[in-house]
Amino acid sequence: MSGLPTRCAPASLDRGDQRHATAAPVRRWLLIEQPGPWGRDALLSSRLDADVAATLDGRCRTAGVRPMLIRRVGRTPAGAARRFCLADSRPGSERLDWGEYVVDADLLGIDLATPHPTAAPAAGPPTYLVCTHSRHDACCAIRGRPVARALAGLRPGQVWECSHTGGDRFAANVVVLPHGLYYGTVTPDAAEDLVLATESGLVLPALLRGRSALPPAVQAAQHHARAATGDRRIDALLPRRVDQVDEATWRVHLSGPQRPLQVTVRSRISAPLPRLTCAAGARTQRVTTYELVELRQG
């Protein structure tokens, strides 16, 4: 209908916004199942006990853990125990520690200071988080919910709707844990490819925004290295060393499929862009993009 503003996700697609190197910086996560509505700041404006939520928020900030609310796709069965998960996305330390809680105060017993609070190996299938946080951005709900349903139809029990992930304009946004792989502009038609790639230990470069535990410059270097080598393995092309050449340039040394790779990338600040979010009062903003300067072996 004419006269309606263009939403942020279609506007981003029309501009061809750079997707790679936009994964939010998250090394560890606390996922809390909380059915029902979430306000803009989900943890502090949901049905969680207000004192518990405020205490958790402070503890997560101190421990460097990102709290996120999750809910099941579809109706929550009556009487179902609510779940939580402490996840680690650091390369070489990937892990999902799931548990259950009865009352909100039980969440205060989670040990956030210890990266791996349980001694047993935390094996298990990947978890798919789909941002459907409508109070943060309408595009997340409009585009996220169909993707959540498609993924849940393929892997029931492994898929959760989640609160704000970052990057509203890239809706639908999907985060794959434990590796912290951020995907953007995911559609229901891409759900099967995403699941099959993940279960094969591979990424989908066309949709990949980056890996949350790695700095943006490294995410950009991995993107260009994958394009040059065709290596789609999740755990390939890990950083060995990162040298900052100047305030806008990084030389990233990656483990290559045969020999190490040296990828130099440079950051740029964009012109002001409109509609980076559908949130009320949104203004034009500048974003950081990365360009390839040089890629060579050695």
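Quick look at the structure, then.

1. Remarks on the environment of Gly298
Right, on to step 1. Inspection of the secondary structure assignment puts Gly298 in the segment after β13 (288–297).
Right, on to step 2. Leaving out residues up to four positions away in the same chain, Gly298 has contacts with Arg259, Pro260, Leu261 and Gln262.

2. A short note on the environment of Trp29
Right, on to step 1. Relative to the helices and strands, Trp29 resides in strand β1 (residues 28–33).
Right, on to step 2. Taking the C-alpha atoms as reference points, Trp29 and Leu86, 57 residues apart in sequence, are found 5.7 Å from one another.

3. Here's the deal with the layout of surface pockets
Right, on to step 1. Of the voids in this model, the largest pocket is the one considered here, and its volume is about 350 Å³.
Right, on to step 2. Around the largest pocket, the lining comprises 19 residues; the ones closest to its centre are Gly167, Arg169, Leu276, Gln285 and Val287.
Right, on to step 3. Broken down by class, the residue content of the lining of the largest pocket amounts to 6 nonpolar, 8 polar and 5 charged.
Right, on to step 4. In this structure, the second largest pocket encloses a volume near 300 Å³.
Right, on to step 5. Along the walls of the second largest pocket sit 16 residues, with Asp41, Leu43, Asp57, Arg66 and Pro67 positioned nearest its centre.
Right, on to step 6. Counting residues per element, the ones that place at least two in the lining of the second largest pocket are α2 (50–63) and β2 (65–72).
Right, on to step 7. When residues of the lining of the second largest pocket are assigned to their parent elements, the largest contribution, 5 residues, is made by β2.

4. Some remarks on the sheet that holds strand β12 (residues 261–269)
Right, on to step 1. The 4 strands are arranged β10-β11-β12-β13 in an open sheet whose pairing can be described as antiparallel. Sheet topology places β10 (239–246) and β13 at the edges, where each strand pairs with a single neighbour. Strand-to-strand twist of the sheet, defined as the mean angle between neighbouring strand axes without regard to direction, takes the value 20 degrees.
Right, on to step 2. Strand direction decides the pairing type here: β10 and strand β11 (residues 249–254), joined by 6 bridges, are antiparallel. Bridge pairing links Arg241 to His253 in β11.

Calculation notes
- Residues numbered from 1 in each chain as written.
- Predicted model: local features only at pLDDT ≥ 70, side-chain atom pairs only at ≥ 80, totals over all residues.
- Heavy atoms only, no water.
- Helix = DSSP H or I, 4+ residues; strand = E, 2+ residues; numbered from the N terminus.
- Contact = heavy atoms within 4.5 Å.
- 1 Å grid on protein atoms, 1.4 Å probe; cavity = no way out; pocket = protein on both sides within 12 Å on 5 of 7 lines; lining within 4 Å.
- Points joined across faces, edges and corners; volume = space filled by probe spheres on them.
- Nonpolar A, V, L, I, M, F, W, Y, C, P; charged D, E, K, R; others polar.
- Pairing = 2+ DSSP bridges.
- Axes fitted to C-alpha atoms, helices over the stretch in contact; angles between N-to-C directions.

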